[in-house]
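Below are the chains, spelled out letter by letter.
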Amino acid sequence: MPRILWQATLPNAHEGHEGNEGIVRTKQMVREKVWWPGIAQEGETMIKACLPCQSVAGKSTAEPLRPTMMPDRPWQDVHIDLCGPFPSGESLLVCEDACTRWPEVAILRSTTSAAIIGCLRKIFAVHGLPGKGVTDNGANLASEEFENFLETQGIQHRKVTPY
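Going along each chain's sequence as written, the residues are numbered from 1 onward. Thresholds applied to this predicted model are a pLDDT of at least 70 for local features of residues and 80 or more for the giving and counting of side-chain atom pairs; totals over whole chains, interfaces and linings are not thresholded and use all residues. The side-chain quantities take in all heavy atoms of the structure and omit both hydrogens and water.

A. Quick peek at the packing of aromatic side chains. For this analysis, a ring pair means two rings from Phe, Tyr or Trp (six-membered ring only for Trp) whose centres lie within 6.5 Å, classed as stacked if their planes differ by under 30 degrees, edge-to-face if by over 60, and tilted for the remaining angles. Overall, the coordinates contain 1 aromatic pair when judged by the stated rule. Seen in terms of ring centroids, phenylalanine 124 and phenylalanine 149 are 6.4 Å apart; in terms of plane orientation they differ by 5°. Their pairing is stacked. With phenylalanine 124 in helix H5 (residues 113–127) and phenylalanine 149 in helix H6 (residues 144–153), this residue pair connects regions lying 25 residues apart in the sequence. Three labels apply to residues, based on accessible area from a 1.4 Å probe with only protein chains included: buried if under 20% of the type maximum, exposed if over 50%, partly exposed otherwise in between. On the accessibility criterion, phenylalanine 124 (7% relative accessible area) is buried. Overall, the relative accessible area of 5% leaves phenylalanine 149 in the buried class. In this description a helix means any DSSP run of H or I spanning at least four residues, a strand means any run of E spanning at least two, and both kinds are numbered starting from the N terminus.

B. View of the layout of surface pockets. Cavities and pockets are found on a 1 Å grid laid over the protein atoms alone: a cavity is a set of points where a 1.4 Å probe fits but cannot escape, a pocket is an open set with protein on both sides within 12 Å along at least five of seven lines, and a lining residue has an atom within 4 Å of such a point. Grid points are joined across faces, edges and corners, and a volume is the space filled by probe spheres set on the points. One number sums up the size of the largest pocket: a volume of about 320 Å³. At the level of secondary structure, the elements contributing two or more residues to the lining of the largest pocket comprise strand S1 (77–83), strand S2 (91–97) and strand S4 (132–135). Top element by residues in the lining of the largest pocket is S1. It accounts for 3 residues. For the lining of the largest pocket, the per-class residue count stands at 6 nonpolar, 4 polar and 4 charged. Residues are sorted three ways: Asp, Glu, Lys and Arg are charged, Ala, Val, Leu, Ile, Met, Phe, Trp, Tyr, Cys and Pro are nonpolar, and all the rest, Gly among them, are polar.

C. The arrangement of the pairing of S2 in detail. The alternating pattern of S2 places Ser91, Leu93, Cys95 and Asp97 on a buried face, while none of Leu92, Val94 and Glu96, on the opposite face, is buried. One ladder, built from 6 bridges, connects S1 with S2; its direction is antiparallel. Residue pairing across strands places cysteine 83 opposite leucine 92, the latter belonging to S2. Here 6 bridges tie S2 to strand S3 (residues 103–108), and the two strands are oriented antiparallel to one another. Paired with cysteine 95 across the strands is glutamate 104, a residue of S3. In this structure, the hairpin formed by S2 and S3 is closed by a connection of 5 residues, where arginine 101 is found at a positive phi of approximately 65°. For two strands to be treated as a pair, DSSP must find at least two bridges joining them.

Below you can see the structure in the form of structure tokens.
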């Protein structure tokens with residue numbers, strides 16, 4: 001698009017959409033038709049300066065932080081996750097004690113729930129059973145088989161958001 005038309009393009013695309021389209025939709029709509037270097041930033045700046053848009057935009061409030069309580073003793077809470085797969089096809093099962101931050105790592109060729117449970121049995125045989133296992137919602141860490149394993153061992157399962 002010729003540089004001379006840049007200044008008129010964004011206001012024309014946004015006109016009539018105040019309060020309804022917002023930043024994401026306006027940028028998407030403009031990108032479908034035109035492009036120039038810096039168009040995304042220019043569009044965002046224009047919409048943030050648009051009084052009708054700002055007057056109807058919902059006020060975003062951040063979720064309050066809720067700190068996790070530190071366990072009283074080692075191996076009370078254990079965080080369990082997978083890392084990989086690596087180019088070799090292997091993955092790592094990582095168990096970290098929430099109190100001491102001590103990691104236990106096992107190399108897995110398969111990341112099925114059964115394979116994970118087998119490794120956890122070995123780790124728990126060394127350190128004892130934790131009171132709580134903290135995982136993300138990965139399919140192999142939230143499966144019925146995994147849930148049954150934790151329940152039969154008397155381990156509370158706490159699922160957290162990935163990342």
